[in-house]
Each structure stands twice: as structure tokens, then as C-alpha cells.
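Residues per chain are reported as follows:
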Amino acid sequence: MPRRWVATAACLLALVALACESGDDATPRPTRSAAAGAGGIAALGDSITTGFGSCLVLTSCQRNSWSTGNSLRVDSHYRRLLDQDSAVRGRAYNHARPGARAEALAGQAERAVRDKPERVTVLIGANDACRGGVEAMTPVKQFRTDVDRGLRVLRTKRPKARVLVVSIPDLYRLWEVGHTNERAVRAWRRGVCPALLANPTSTDPLDQARRDTVRKRIDAYNGQLAAACRAYGSRCRYDGGAAHRVRFTLDLVNPLDSFHPNAAGQDKLAEVTWRAWGRAT
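The following refers to the structure shown.

The rules behind the values
Residues numbered from 1 in each chain as written. Predicted model: local features only at pLDDT ≥ 70, side-chain atom pairs only at ≥ 80, totals over all residues. Heavy atoms only, no water. Axes fitted to C-alpha atoms, helices over the stretch in contact; angles between N-to-C directions. Helix = DSSP H or I, 4+ residues; strand = E, 2+ residues; numbered from the N terminus. Parallel < 35°, antiparallel > 145°, perpendicular 65-115°, else oblique. Left-handed = near helix turned anticlockwise from the far one by under 90°. Contact = heavy atoms within 4.5 Å. Nonpolar A, V, L, I, M, F, W, Y, C, P; charged D, E, K, R; others polar. Buried < 20%, exposed > 50% of the residue type's maximum accessible area, 1.4 Å probe, protein only. Pairing = 2+ DSSP bridges. Right-handed = clockwise from strand over helix to strand, strands pointing away. Arc of directions from axis to C-beta. Core = buried A, V, L, I, M, F, W, Y, C linked by side-chain atoms within 4.5 Å. Phe/Tyr/Trp six-rings, centres within 6.5 Å; stacked < 30°, edge-to-face > 60°. Lys NZ or Arg CZ within 6 Å of the ring centre and 35° of its normal.

**Regarding the packing of helix H3 (residues 105-113) against helix H5 (residues 140-157)**
- Between H3 and H5, the shortest axis-to-axis distance is 8 Å and the interhelical angle comes to 15°. In terms of axis orientation, H3 runs roughly parallel to H5. Crossing handedness for the pair H3 and H5: right-handed. Contacts between H3 and H5 involve Leu105, Ala106, Ala109, Glu110 and Val113 from the first element and Asp146, Val147, Arg149, Gly150, Val153, Leu154 and Lys157 from the second.
- Split into classes, the residues belonging to the contact of H3 with H5 amount to seven nonpolar, one polar and four charged.

**Comments concerning the pairing of strand S1 (residues 41-45)**
- Of all five residues in S1, five are buried; the element is thus mostly enclosed.
- Burial of the side chains of S1 extends over both faces: Ile41, Ala43 and Gly45 are buried on one face and Ala42 and Leu44 on the other.
- With three bridges joining them, S1 and strand S2 (residues 92-94) adopt parallel strand pairing. Looking across to S2, one finds that alanine 43 is bridged to asparagine 94.
- Tracing the backbone out of S1, into helix H2 (residues 77-84) and back to the parallel element S2 gives a crossover that is right-handed.

**Comments concerning H3**
- When we look at burial in H3, the residues that qualify are Leu105, Ala106, Gln108, Ala109, Ala112 and Val113. All buried residues of H3 lie within an arc of 160° about the axis, which places them on one face of the element.
- For H3, the elements touching its buried residues are S1, strand S3 (119-123) and H5.

**Things to note about the nonpolar core**
- Within the largest apolar cluster, 71 residues are counted, with the highest numbers of intra-cluster contacts made by Val122, Leu151, Leu154, Val163 and Val165.
- With eight residues, helix H9 (residues 205-232) is the single largest residue contributor to this core.
- Beyond its immediate stretch of four places on either side in the chain, valine 122 contacts Leu44, Leu105, Leu151, Val163, Leu164, Val165 and Val166.

**Comments concerning the packing of H2 against helix H11 (residues 263-274)**
- Remark: H2 packs on H11, axes separated minimally by 9 Å, with the N-to-C direction vectors making an angle of 55°. Taken together, the axes of H2 and H11 lie oblique to each other. Side by side, H2 and H11 meet where His77, Arg80, Leu81 and Gln84 of the first sit next to Ala270, Glu271, Thr273 and Trp274 of the second.
- Partitioned by chemical class, the residues of the contact of H2 with H11 number three nonpolar, three polar and two charged.

**Notes on the packing of aromatic side chains**
- Taken as a whole and assessed by the stated rule, the structure comprises two aromatic pairs.
- Arranged with centres 4.2 Å apart and planes meeting at 20°, the rings of phenylalanine 143 and tyrosine 221 form a pair that is stacked. You can see phenylalanine 143 sitting in helix H5 and its partner tyrosine 221 sitting in helix H9, a full 78 residues away along the chain. Across the pair, exposure class does not vary: phenylalanine 143 and tyrosine 221 are buried alike.
- The ring of tyrosine 232 carries arginine 155 above its face, with NZ or CZ at 5.4 Å from the centroid.
- The lysine or arginine in question, arginine 215, covers the ring of tyrosine 172, its NZ or CZ lying 5.7 Å from the ring centre.

**Notes on the sheet that holds S3**
- The five strands are arranged S2-S1-S3-S4-S5 in an open sheet whose pairing can be described as parallel. The strands lining the two open edges of the sheet, one partner per strand, are S2 and strand S5 (236-238). When the angles between neighbouring strand axes are averaged without regard to direction, this sheet yields 15°.
- Contacting S1 and S3, H3 crosses the sheet at an angle of about 165° to S1.

Okay, here's the thing in C-alpha cells:
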């Protein structure tokens, strides 16, 4: 065979190998064999948990999820569990959905219990604060009711599963580090979290008050997430505010919306929240 064809064939094989590797990193495919039985991990939540924007397009990229992803770029909870027990392979179930608010948690939980997971992660609340203006934010009391309803499904239908409730990241911190960045400001003006990020460069007292209102609402939501987990009982762990304490920079969010965590940001969330499984609430 002529050398140029050998070289061409080698290149094609390399490309196929890369494509296969990319496919392996796709959303984990659950296996439901009789031998597998119950187990694995399920994720509930919103676009953060779907890995939205972490593959350089503004869509979900579940392989990079901090919770259930199997990408080599993110040391997710699923991959950490897999390191401990190979029987977990393929048993990662992501029921999170972009745009989901706390009211969607019960429906996600209903779908998750059918997978019979041994662990469930919950990260919800950013959209309850971000939708529309401050007047559209979910009232704190309603937020708690919605969270309790979702957790009740898990406690009733999957009582032995371990549940991890994760704090809402510090969205106000993103405004702090990004409002002087031209690219971030341009992205936010396309409608990203308008309750917080509308008029991001404004120093008007009304805009400053609006941002502070959103910041306080997220703090209140996190307080309710912690309380809901305590009420759940010994099978629930709260991350103790670990996700909220992450000092996000623009290097940890994707460059398209300057809001959702990129692969490095997802990896950071996985790192800080993983520790919470072994800590009491």
C-alpha cells in the first residue's frame, strides 16, 4: 500500500477512536439487568446539573454533570462511586432539566425512584430566583413547600436512599466578578438571570437594591434547603453551604453566557459537594 494511503488510513482510525471516546463520554446509559439490581445515583435539579453550556454550546451536556457525568474532564460523583465499586457502571440517571424550578422537584423525584438509586443529589433554586424580575421570584414559603414535596417522594418511595441537598451557588458573586467584563455584560444582556443581571453595569440605587434583594432571596432559599434536609431525617445530607461558598470566577463559567459552569466549574462543584456525603447535617 502506498505510504500516503497508510498515513490516510492511520488518520481515519485516529478520528474514529476519538469519536468513540466522545461517544463513551455521553450521558451514562443506565443498565437494568437483573444482576445489577438497585443502586447507582440519580440527579434532580436544573440546568447546572445538566451541564448546560459546558460543551461550548448553549444546551445540556450531561456527560459533564458534577453529579452523574462520565466525562474524563469532570470527576463527578458518579465517577467517584465507580472508582469505589465497578458494579455502579452505567447506573447514573440525570432527571434534571434546564429551567426547572423547585415546583418541578416532585415530578423529577417520581421518575428517579423508578431507577431505584442508592444515592440522589438535589440542586435546585437558581431559576426560582432568576425568572423575570424580583417580583416573579418564588416566595420563600412556597419554595420550601415545593422542596418538601419533592423530598417527600424520595422518603416515601425510596426510604433507604441517601440524599444530598446542595446549596445554590453564589450568583451575586458572578455579578461582582463579571459586571466590568465586556464579554460577560454582552452575554447577560441577552436575558441571562434578569432579576439579578439586568443593567449589570448600572450603579443606580434601584438596580443595586434589586441585586441585593436577589442575593438575600438565595440566602433564604439555602436556609430552607438546609432545614428541609434536617426535617427529612438521617438519610439526608446538606452540603453545609459548600457549593455556595465556591468563589466562582469567569474562568469557571462557559464563555457563551458567562453564567453556567464550564467543565472546570462542574469539576469544582463535584469536588466540594462530594465531601458532604460523609458529614452530618
